[in-house]
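Single-letter residue listing:
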Amino acid sequence: QVQFVESGGGLVQPGGSLRLSCAASGFIASTATMGWYRQEHGKQRELVGTITRTYTDYVDSVKGRFTISGDSAKNTVYLHMNSLKPKDTAVYYCNVVSAGLRPVFPWGQGTQVTVSS
């Protein structure tokens, strides 16, 4: 059974940093295209960035501020977020991403990130 456990969210001031973790189970994350998504209150979930063994990619709104990395020994994917802005406030999720950029498995519980002074 594939599961994702996201953690590391919290309240941070604008300009601050956070590192989110996504612990995957039921498959080997390093063999898949993994993605970080976020969902602002009342809006659709959006794909923020993806990682494979050979590349990472990000939406324009987070390029230069967010970085995705992985630890194959821990079967965990990370989202390093710097220079956070209030508009980054959302619940963040991870999932396997299909060729059509769609999430593949059921969602985990997500982790809340709130950027506010």
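Our structure is the block above this text.
Residues numbered from 1 in each chain as written. Predicted model: local features only at pLDDT ≥ 70, side-chain atom pairs only at ≥ 80, totals over all residues. Heavy atoms only, no water.

Draft legend 1. Quick peek at the state of the cysteines. The tally for this structure, following the rule as stated, stands at 1 disulfide. Here Cys22 connects covalently by a disulfide to Cys94, the sulfurs 1.9 Å from one another. Residues Cys22 and Cys94 are joined by a disulfide whose S-S torsion is about 65 degrees; by sign, that bridge is right-handed. With Cys22 in strand E3 (residues 18-25) and Cys94 in strand E9 (residues 90-96), the pair connects residues that are 72 residues apart, well separated along the chain. Of the residues examined, Cys22 reaches a relative accessible area of 1% and is grouped as buried. (Disulfide = S-S within 2.5 Å. Helix = DSSP H or I, 4+ residues; strand = E, 2+ residues; numbered from the N terminus. Buried < 20%, exposed > 50% of the residue type's maximum accessible area, 1.4 Å probe, protein only.)

Draft legend 2. Structural detail: the environment of Ser72. Following the sequence through the fold, Ser72 ends up in the loop between strand E7 (66-71) and strand E8 (76-81). The exposed category is assigned to Ser72, whose relative accessible area is 58%. Spatially, the C-alpha atom of Ser72 lies 24 Å from that of Val59, the residues being 13 residues apart in sequence.

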